[in-house]
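Fold and geometry: a report
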Amino acid sequence: MHKALTRSPSFAGQPAGLRPGWLAAGVFAVLVALVAGVSLGPVSLPPGSVAAELLNLLPGVRLDSGLTEREIAIITELRLPRVVLGLLVGGLLALAGGCYQGVFRNPLADPYLLGVAAGAGLGVTAVIALGAGAGGALTGLPITIPLAAFVGSLGAVAMTYLLGAAGGRGGSTATLILAGVAVSAFLSAGQTYLLQRNSDTIQQVYSWLLGRLATAGWHDVRLILPYFLLTTIVVLLHRRELDVLSVGDDEAISLGLHPQRSRYLLIAAASLGTAAAVSASGLIGFVGIIVPHTVRLLAGSSYRVILPLSLLFGGAFLALTDVVARTAAAPAEIPIGVVTALLGGPFFVLVLRTTRRMLT
């Protein structure tokens, strides 16, 4: 199939692929976010010393960073896991956003389109409410809330698929979008009911819903890493197909592509990655809109460019945003979802105005 796509004259006219300069810029952004995220905090550390200590984590490298044992412990056990988690979550959300926009051919599509946020919110609310009723036995386990969010997210996506399939095969993307809206409304109503019946859990639920990257060690990173790798491999291996889908199903079929199968595979992979990200960090909005659109404006419109750069810049964006959330109101910490909403709200309006102008 990929050989047919490469040899086709129509596909050869698609935008150029990823340039080495942009790839280097994405890697550089990740490295800057890594060093800045580890250096900045209640105890500021010299960036040069932090960079040296990070290099010491590589096999065979031994540099004198000049840091004390306490400062090294702050880096390796507290800040580095949080920054790495931010890189993984931001990369997943941005990659999923770019994938959804390509599949649905809708510039406003984001990772929460198919009810992922509502499903995760209901799962976490149910566990916290039931855990409070059981004396905290359920929420005492560190894996309980992430697992509830993960199961709720995938359950919501499954409901959306089933409801969309009941609408028939015609107009599949529009049907799935409408199904996602309906499922989100239904699950949000269930969450509101649980909160009303268990008002003592509202503060705990909202602290999760607003998004956070607080992590105790490497547990959350190990939890999300397999899903990050699976989602990234599947989506990036099929990124060329999104360029073909953008020109229409008839053209895609003539090039040997099965449009419906490709769409569902990409949606499933993006939804799995989003569910994993939400389970680890709570609800962090707008990353899937801000990053892919910025990449599209600066680097090109081909999904061979958008998806890998969204992965890199999305991780760097969220890691740097977390630095702002940690330091802007120190010693207090602003929920990272609030910071991304403040940045994403005006950006969403700009995208909406641009989209309406193009349609009219």
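Scroll up to find the structure.
What this report covers is the structure whose coordinates are included nearby. (Residues numbered from 1 in each chain as written. Predicted model: local features only at pLDDT ≥ 70, side-chain atom pairs only at ≥ 80, totals over all residues. Heavy atoms only, no water.)

Among the nonpolar cores identified, the biggest contains 94 residues, and Phe 104, Trp 208 and Ile 224 are the most heavily contacted of them. In terms of residues, this core owes the most to one element, helix α5 (residues 69-104), which gives 18 residues. (Core = buried A, V, L, I, M, F, W, Y, C linked by side-chain atoms within 4.5 Å. Buried < 20%, exposed > 50% of the residue type's maximum accessible area, 1.4 Å probe, protein only. Helix = DSSP H or I, 4+ residues; strand = E, 2+ residues; numbered from the N terminus.)

The next thing to look at is the packing of α5 against helix α14 (residues 287-299). Where α5 contacts α14, the axes come no closer than 7 Å and their chain directions differ by 70 degrees. Classed by the angle they form, the pair α5 and α14 counts as roughly perpendicular. With respect to the hand of their crossing, α5 and α14 are arranged in right-handed fashion. Of the residues in α14, those in contact with Gly 90, Leu 93, Ala 94, Gly 97, Gly 98 and Gln 101 of α5 are Val 287, Gly 288, Ile 289, Val 291, Pro 292, His 293 and Arg 296. Per-class residue counts for the contact of α5 with α14 are 6 nonpolar, 6 polar and 1 charged. (Axes fitted to C-alpha atoms, helices over the stretch in contact; angles between N-to-C directions. Parallel < 35°, antiparallel > 145°, perpendicular 65-115°, else oblique. Left-handed = near helix turned anticlockwise from the far one by under 90°. Contact = heavy atoms within 4.5 Å. Nonpolar A, V, L, I, M, F, W, Y, C, P; charged D, E, K, R; others polar.)

In this section: the packing of aromatic side chains. Inspection of the entire model under this criterion finds 3 aromatic pairs. Measuring from ring centre to ring centre gives 4.9 Å for Phe 150 and Tyr 227, while their planes differ by 45 degrees; the resulting arrangement is tilted. One end of the pair, Phe 150, is in helix α7 (residues 144-166); the other, Tyr 227, is in helix α10 (residues 219-237), with 77 residues separating them in the sequence. By relative accessible area, Phe 150 is classed as buried at 14%. (Phe/Tyr/Trp six-rings, centres within 6.5 Å; stacked < 30°, edge-to-face > 60°.)

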